[in-house]
Amino acid sequence: MDKQKRIRIYMTGVGGQGTLTATTLLARTALDEGLDVVAGEVHGMAQRGGVVESVILLGGWKAPKLDFGEADILLGFEPLETLRGLPYLRSGGIIFSSEDAMEPLSVCLGQAQYPALAGIKEKSQAVAGKSFFLPCRSLGQEVGSVQSGNTVLLGALCASGALPFTETALEKAIQKHLPAKIVETNIKAMYLGVAKVKAAS
Amino acid sequence: MSHPLLGGAQNERHLLLGNEAIVRGALEAGVNVVTCYPGTPSSEVPDTFYKLGGNGRYKMEYSVNEKVAMEVAAGAALAGAMALVTMKHVGLNVAADPLFTAAYTGMPGGLVVLSADDPACHSSQNEQDNRYYARAASLPCFEPASAQEAKDMTHQAFRLARELQQPVLLRTTTRLNHMRGAVHFDALPQEMPLVPWKNESMRFVPVPAVARNRHKVLEENMRLARNFAETSPWNVESGQGRMGVIASGIARAYLADALYAGGWEDKVRVFELGMSWPLPETRLKEFLRQCDRVLVLEEGEPLLEQGIRDLAQRHNLPVNVAGKNGVLLSIHGEYSTSSIMQGLAAFLDCPSPVTAARAHTTGLPNRPPNLCAGCSHRAVYYAVRKLFGDEAVYSSDIGCYTLGLLPPLRMADFLVCMGSSISAGSGFAWASGKPVIAFVGDSTFFHSGLSGLVNAVFNQHDILMVILDNGTTAMTGHQPNPGMEQAVLGEGVQHLDIESAVRGVGVTEVCRVKAYNLKALTEALQNFREKKGVRVLIAEEPCVLYARRVLKKTLPQVATVAVQGEDARRCAEELACPAFYKKDDDLYVDATLCSGCMVCLQIAPKAFKAVKR
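Residues numbered from 1 in each chain as written. Chains lettered and ligands numbered in written order. Predicted model: local features only at pLDDT ≥ 70, side-chain atom pairs only at ≥ 80, totals over all residues. Heavy atoms only, no water.

Undergrad: Any chance you could explain the sheet that holds strand S10 (residues 243-248) of chain B here in plain terms?
TA: Strand pairing in a sheet relies on backbone hydrogen bonds, with the paired strands running either antiparallel or parallel. All names here are of chain B. Strands sit in the order S9-S11-S10-S13-S14 across an open sheet of 5 strands; the sheet is mixed. Edge positions in the open sheet fall to strand S9 (235-239) and strand S14 (320-322), since each of these has one partner strand only. Neighbour-to-neighbour, the strand axes of the sheet open up by a mean angle of 20 degrees, direction not taken into account. Note that S9 and strand S11 (residues 269-273) share 5 bridges and pair antiparallel. Bridging across to S11, Ser 238 finds its partner in Val 270. (Pairing = 2+ DSSP bridges. Helix = DSSP H or I, 4+ residues; strand = E, 2+ residues; numbered from the N terminus. Axes fitted to C-alpha atoms, helices over the stretch in contact; angles between N-to-C directions.)

Here's what the structure looks like:
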């Protein structure tokens, strides 16, 4: 794929889940591959149990923020947030999402209802050209850490052919940029995501 | 291996946060002294300096408030140091007094002021546009729009600050502070030598006779700064045609993407202002002569737009100036690629290529920010609401505890600014005769709550002040403050005892309790309820996140529901701890979220019990 192909990725998750760590890892991977990369995020008050959104832009885009309909790829680390972020995806874009729910407080206290996963998938498919829903949290647990569930999703993204680099680049970046003690877990998690995408295509 | 910000050599390329790039720029300039008061979105600048340590390269402090930070930095710059002071936009209001004087006397070593503005109020109480300060105080101003520019302009700001001896404003917005991008490093020299101090009291002591003269010097220095703006590599022209666009700040990034996406790169003539004050009037005038119409793109107030109109009017230029249109290009919130595309389409009188979103998702359960599970503020708020209900008025302050505003605790009726809880609360009680309870955190207490307390004692106000002492600056990421324990502060800073400070200014009704102890809290509150005058309750318990991450303390037990029913249900509703969850009408405690504070056991001893973690 053309290294200068312009791609805009919208990422969303819940505060404390590691969304920003995943964003930085993917941005570093792109930079190591020699791509133009800009990432955008917002820190602070919104993080405490709130929604955490970030963007990664490849190939020369400059604005660290996306509007509705601009993202080529949506990466949802939590299914309700995938649904909330759906307006950002352009028609025919690709979705990679966790299907393991983290219920908001209002749902925990029985004041609101969590939307059904089947409905989330259906709405996603109405916009996206392709969508992948993976049990990230349980796959993360399988290799020993819930947090590495995010890397499952990054692995799926890199193996899908949607980016100008593959899981090989991500593996290198994990080795280079993550703390040594979590490298092995994350590489295992990454390959679980890779396998899911390869099995689906 | 040393951190790339300190160890990275010339020509290396690293992915940096905008705020980290500012740090590298300051290091490349040779900064000697850094002061700050933390505040989103500026905090990663001082936090990065703090983490790096500097290895003797620079001195760095967390000051107690922005005014003090500005004064310490000004003193250092008077002593000849290259000084950086950082704060969020509203902090600059606190620091405005010394800033205006610093511009009059000049700062021999070079002073750069970072103001991190927050359009869209991501974590602030207003959207104020601090480019006004550049105009009001006469400060040359830089506005980066990428991580690379954040580094390079910081470096440039220091060079200009030292050359002109005038304070320079580095004005950023949230999106710049929190963006990441590739940054090419320049060489890292040793820190700059101090400019030798020359005793010139007729310059540095601005009595009226001095100040009148210095005002003229300031005017002349701003004329020199204008020459810099005329030749600055950050003020760039491109494109062609009779339709012009003038852009500054992060709007430049949105503009670049909009021009690309709309295929308009050859259709407009563009003037980008990276050094945005003073305006390069000669060049702008020439630019305006080449245009029939111009569109000005800037987030926030229409400052640049007014400047361009003024320029056109003064020079009789027949150019039509457009800018804020009150709709997509308004003074509210942030610009975006699509808002600029639509603005440009209207300006160029062509169809907008922006397509509407395909999906609409409304009515989803939200995730509002909330006090953490086990947050000690919740325990205090619960006790206060139980005792005072709606009979008292609650004066809040700035910190995590502002979130006590949310139901069911509803512990914030009004809030003015940092440190205002005690002083605004005093005024409210004075005027209304109602009981007022003021809540303030430890860092905010030292920031400016202390002066309000002094005033309350002096003027014999009738107020109960509750100091929510969680031992850290929780909201902005656990930065040191004087209330932090000595073991965490380490060497070079001194712990201050809040109770001694409170007693020291003359408060006699003082009580210190553990925030998780509902009985002690309630007794203290009951005692104060019967009394008049200034009363201070200090409720102590470390912030749960800070206890876990920094103090490495976790409580050995967690709560669990022993008996389902009315008691458990009411406790969950009134305390609203996020560790509670319901399933099939039964209540549970999420053991991974429960901090073990055991406040629910005190509220409903039959409904809950403690179990080993």
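Undergrad: Explain the side chain of Asp 117 of chain B to me, please; I cannot follow it from the model alone.
TA: Residues and elements named next belong to chain B. Mapped onto the elements, Asp 117 comes out in strand S5 (residues 111-117). Polar contacts involving the side chain of Asp 117 include one to the side chain of Ser 115, which spans 2.8 Å. Filtering out sequence-adjacent residues up to four positions away, Asp 117 remains in contact with Pro 41, His 89, Gln 128, Asp 129, Asn 130, Arg 131, Arg 171, Thr 172, Thr 173 and Thr 174. (Polar contact = N/O pair within 3.5 Å; in protein donor to acceptor, adjacent residues only side chain to side chain. Contact = heavy atoms within 4.5 Å.)

Undergrad: Honestly, the pattern of salt bridges in this entry has me stumped. Any pointers?
TA: Pairing between side chains of opposite charge can happen when the charged atoms of each approach one another. Under the counting rule described, the total for this entry stands at 49 salt bridges over all chains. A salt bridge links Lys 172 of chain A to Glu 33 of chain A; the nearest nitrogen and oxygen atoms lie 3.9 Å apart. Highlighted residues: Lys 172 of chain A in helix H7 (residues 167-177) and Glu 33 of chain A in the loop between helix H1 (19-32) and strand S2 (37-41), separated in sequence by 139 residues. When the shortest N-O distance is used, the salt bridge between Glu 184 of chain A and Lys 188 of chain A registers 3.8 Å. Of the two residues, Glu 184 of chain A and Lys 188 of chain A both sit in helix H8 (residues 180-200), 4 residues apart, roughly one turn of that helix. Among the charged side chains, a salt-bridge network with shared partners connects Asp 117, Asp 129, Arg 131, Glu 143, Arg 171 and Glu 298 of chain B. (Salt bridge = Lys/Arg side-chain N within 4 Å of Asp/Glu carboxyl O.)

Undergrad: How do you make sense of unusual backbone geometry when you look at a structure like this?
TA: Keep in mind that most residues, glycine aside, have a negative phi and that most peptide bonds are trans. Residue and element names in this part refer to chain B. Of note, the amide linkage connecting Thr 40 to Pro 41 takes the cis form, showing an omega dihedral of 10 degrees. Mapped onto the elements of the fold, Pro 41 is located in the loop between strand S2 (33-36) and helix H3 (44-52). Of note, the amide linkage connecting Pro 407 to Pro 408 takes the cis form, showing an omega dihedral of 5 degrees. Relative to the helices and strands, Pro 408 resides in the loop between strand S15 (393-395) and helix H17 (420-432). Of note in the backbone geometry, Cys 121 takes a positive phi value of approximately 50 degrees without being a glycine. Looking at where Cys 121 falls in the secondary structure, it is placed in the loop between S5 and helix H7 (131-137). A positive phi angle is found at Ser 138, which is not glycine, with a value near 65 degrees. Looking at the element boundaries, Ser 138 is found in the loop between H7 and strand S6 (141-142). According to the relative accessible area criterion, Ser 138 is buried, its value standing at 19%. (Buried < 20%, exposed > 50% of the residue type's maximum accessible area, 1.4 Å probe, protein only.)

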